[in-house]
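# Observations on chain architecture
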Amino acid sequence: MVAKLTDVAQLAGVSPTTVSRVINKKGYLSEKTIRNVEEAMREQGYKQNKLKRSLQGKSAKLVGLIFPTINNIFYSELIGHLEKELFDRGYKTIICNSQHESDKEREYLEMLAANQVDGIISGSHNLGIQDYDRVVAPIIAFDRNLSPSIPIVSSDNFSGGILAAQTLQKAGCHNPLMITGNDDSNSPTGLRQLGFTSILDEAKVFKIASDLSPVRKEMEIRSILEKYKPDGIFVSGDATAMLVWNVARSLKLSIPEDIKLIGYDGTSFIESYYPQLTTIKQPLVEIARLLVDLLIDKIEGKKLPTTDYILPITLLAGKKKKKR
């Protein structure tokens, strides 16, 4: 088996970043650390990547993408758009699936740093500010407050919450509620709830952990529907909205006749396979393009204002199912 940089790091008792610094002779390191790493390299039979050696200090043209889960339709479509935008600009991508685990996200960050990627786009949020501030490579965040120094790109979450509430109001809902995830990171996604409750201040809000299995989520949703009997529901993500739809059908409830349902994301998957679902649509192509534009600006040394870049949302009305 070919030895990896992480194998060397583990044997030497240092981080992958430190191994990379020893290999590339960058930064101050003690003689003891250098000796331990070199001995570990010899013991593991580690050989530095020939492609990297041939680059001779040139940009590797690599960008790391860190996201909570690639199984979610929204993230998979966004990653697809990001990969295309980056490829068209001459960059290859390394996709990192953090799966809501802080240790995994930290290891991915160290791996990306060790491989000297040109930049990182992250939509994950399991680590503290200090973890991201230690990374030398330029970073742009999607929908996450990673650090005060890192720009954020997002859809207009607050307006999306308002639009969902107003749509349920116009539909005549008297007992609306919201189902959201368990994100306590003070990230922009929380603004969906804030916008919703600014219009419907008496509406109940239920948090269902995003890392639960679909079966567990359906159990939670069933309990909410049976106990509170809502006539309108705003769900902060389309994947969970589809589960709400399925549970409602199993309870012999019809959408939109018995329950007005609104999701959030509006991916092409929803438009193709769940066109009946009304949802708040995020401009995915424009989001991916802006993320890449800003990252490349940072890679090229341009100074960016530390601010939120907010793109507008739209209401994608569900299509009526055709009668056979």
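Up top is the structure.
So, here's what we can say about the structure. Everything numeric in this text was worked out from a predicted model, so none of it was measured.

Criteria and thresholds
- Residues numbered from 1 in each chain as written.
- Predicted model: local features only at pLDDT ≥ 70, side-chain atom pairs only at ≥ 80, totals over all residues.
- Heavy atoms only, no water.
- Pairing = 2+ DSSP bridges.
- Helix = DSSP H or I, 4+ residues; strand = E, 2+ residues; numbered from the N terminus.
- Axes fitted to C-alpha atoms, helices over the stretch in contact; angles between N-to-C directions.
- Contact = heavy atoms within 4.5 Å.

This part covers the sheet that holds strand 10 (residues 278–281). Across the sheet, six strands lie side by side as 7-6-8-9-10-12; this open sheet has mixed pairing. Each end of this open sheet is capped by a strand with a single partner; those strands are strand 7 (204–207) and strand 12 (314–316). Each strand of the sheet is rotated relative to its neighbour by a mean of 20°, with strand direction disregarded.

So, on to the sheet that holds strand 4 (residues 139–142). One open sheet holds the six strands; their spatial order is 2-1-3-4-5-11, and the pairing between them is parallel. Each having just a single partner strand, strand 2 (92–97) and strand 11 (308–311) make up the two edges of the open sheet. When the angles between neighbouring strand axes are averaged without regard to direction, this sheet yields 20°. Here four bridges tie strand 1 (residues 62–67) to strand 3 (residues 119–122), and the two strands are oriented parallel to one another. In the strand pairing of strand 3, Ile66 is matched with Ser122. Sheet contacts for helix 5 (residues 73–88): strand 1, strand 2, strand 3 and strand 4; angle to strand 1, the most-contacted strand, approximately 170°.

On to the environment of Val63. With respect to the secondary-structure elements, Val63 resides in strand 1. As for Val63 and Phe206, which are separated by 143 residues in sequence, their C-alpha atoms are 36 Å apart. Beyond its immediate stretch of four places on either side in the chain, Val63 contacts Leu86, Tyr91, Lys92, Thr93, Ile94, Gly119 and Leu295.

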